Amino acid sequence: MKNSALHPNISVRDARAAIDFYEAALGAETLDVITAGDAVIHSDLVLRSAAGESTFTVAAAFPPDSVAPEVGAPTHASFTIPVEDTDAAYARAMAAGASSLTEPADWFEGFRQAAVRCPFGHRWYFVTVADSVTPEDVQQASDAWVAAGD
């Protein structure tokens, strides 16, 4: 198996259920699952999106070296998936059991985003970004967002 340039390892409380969720919600394909007894200690999944292919690992948490996020608590990382249709990706994740963090909306012209939390505590963003969007556009929208919060 060839991993993508960045291959995150996601720790969860129930790796088998998480793998099933990521297949249903994100369209991930499971390439392999390695176990030790009943515990999933490693798995490789591939996610195909508008930006290409990315791989990631889902495994049981093994404290103190790896811990699963507390469901509903803040997370230390999030994952962004470029998609053809933000609304459809959001609906698919919600139908599979995700919780809504941000409903699909245009952040600005050419940039549509939604966010969900999976049942295993991780935050996932779905974004559809037009080819015409520049870093300056994103900075301007970020500046406006910060100003609106003051």
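Attention here is on the structure that accompanies the text.

The rules behind these values
- Residues numbered from 1 in each chain as written.
- Predicted model: local features only at pLDDT ≥ 70, side-chain atom pairs only at ≥ 80, totals over all residues.
- Heavy atoms only, no water.
- Helix = DSSP H or I, 4+ residues; strand = E, 2+ residues; numbered from the N terminus.
- Buried < 20%, exposed > 50% of the residue type's maximum accessible area, 1.4 Å probe, protein only.
- Contact = heavy atoms within 4.5 Å.
- Areas by Shrake-Rupley, 256 points an atom, 1.4 Å probe, with all protein chains shown as cover.
- Salt bridge = Lys/Arg side-chain N within 4 Å of Asp/Glu carboxyl O.
- Polar contact = N/O pair within 3.5 Å; in protein donor to acceptor, adjacent residues only side chain to side chain.
- 1 Å grid on protein atoms, 1.4 Å probe; cavity = no way out; pocket = protein on both sides within 12 Å on 5 of 7 lines; lining within 4 Å.
- Points joined across faces, edges and corners; volume = space filled by probe spheres on them.
- Nonpolar A, V, L, I, M, F, W, Y, C, P; charged D, E, K, R; others polar.

### Observations regarding the overall build of the chain
Thinking step 1. Secondary structure assignment for the chain yields three helices and eight strands.
Thinking step 2. The secondary structure elements of the chain, listed N-terminal to C-terminal, are β-α-β-β-β-β-α-β-β-β-α.
Thinking step 3. Each of the 150 residues in the chain was classed as buried or not, and the buried ones make up 35%.
Thinking step 4. Put simply, 54% of the contacts in the chain that link residues at least 6 apart link residues at least 24 apart.
Thinking step 5. When the accessible surface of the chain is totalled, it reaches about 8600 Å², and 52% of it is carbon and sulfur.

### A word on the pattern of salt bridges
For side chains of opposite charge, pairing can occur when their charged atoms come near one another.
Thinking step 1. A full pass over the atoms with the stated rule returns five salt bridges.
Thinking step 2. Between Glu53 and Arg48 there is a salt bridge; the shortest N-O distance is 2.9 Å.
Thinking step 3. Here Glu53 falls in the exposed class, since its relative accessible area comes to 51%.
Thinking step 4. The salt bridge involving Asp106 is made with Arg112; its shortest N-O contact spans 3.0 Å.
Thinking step 5. The class for Arg112 is partly exposed, based on a relative accessible area of 23%.

### Brief notes about the side chain of Thr55
Thinking step 1. Locating Thr55 in the fold gives a position in strand β4 (residues 52-60).
Thinking step 2. The exposure class assigned to Thr55 is buried, which follows from its relative accessible area of 6%.
Thinking step 3. Among the polar contacts listed, one links the side chain of Thr55 to the backbone nitrogen of Ser4, at a separation of 2.8 Å.
Thinking step 4. A polar side-chain atom of Thr55 sits 2.6 Å from a polar atom in the side chain of His7.

### Re the layout of surface pockets
Thinking step 1. Considering only enclosed or pocket space, the largest pocket measures out at about 340 Å³ in volume.
Thinking step 2. What lines the largest pocket is a set of 17 residues, among which Pro8, Leu47, Ser54, Phe79 and Thr80 lie closest to the centre.
Thinking step 3. For the lining of the largest pocket, the secondary-structure elements that each account for two or more residues are β3 (39-49), β4 and β5 (78-82).
Thinking step 4. With five residues, β4 is the largest single contributor of residues to the lining of the largest pocket.
Thinking step 5. Considered class by class, the residues forming the lining of the largest pocket number ten nonpolar, six polar and one charged.

### A closer look at the environment of Gly110
Thinking step 1. Looking at where Gly110 falls in the secondary structure, it is placed in the loop between β6 (99-108) and β7 (111-117).
Thinking step 2. Of the residues examined, Gly110 reaches a relative accessible area of 28% and is grouped as partly exposed.
Thinking step 3. For the pair Gly110 and Val133, spaced 23 residues apart in sequence, the C-alpha separation works out to 6.3 Å.
Thinking step 4. When near neighbours in sequence (up to four residues on either side) are disregarded, Gly110 contacts Thr128, Val129, Ala130 and Val133.

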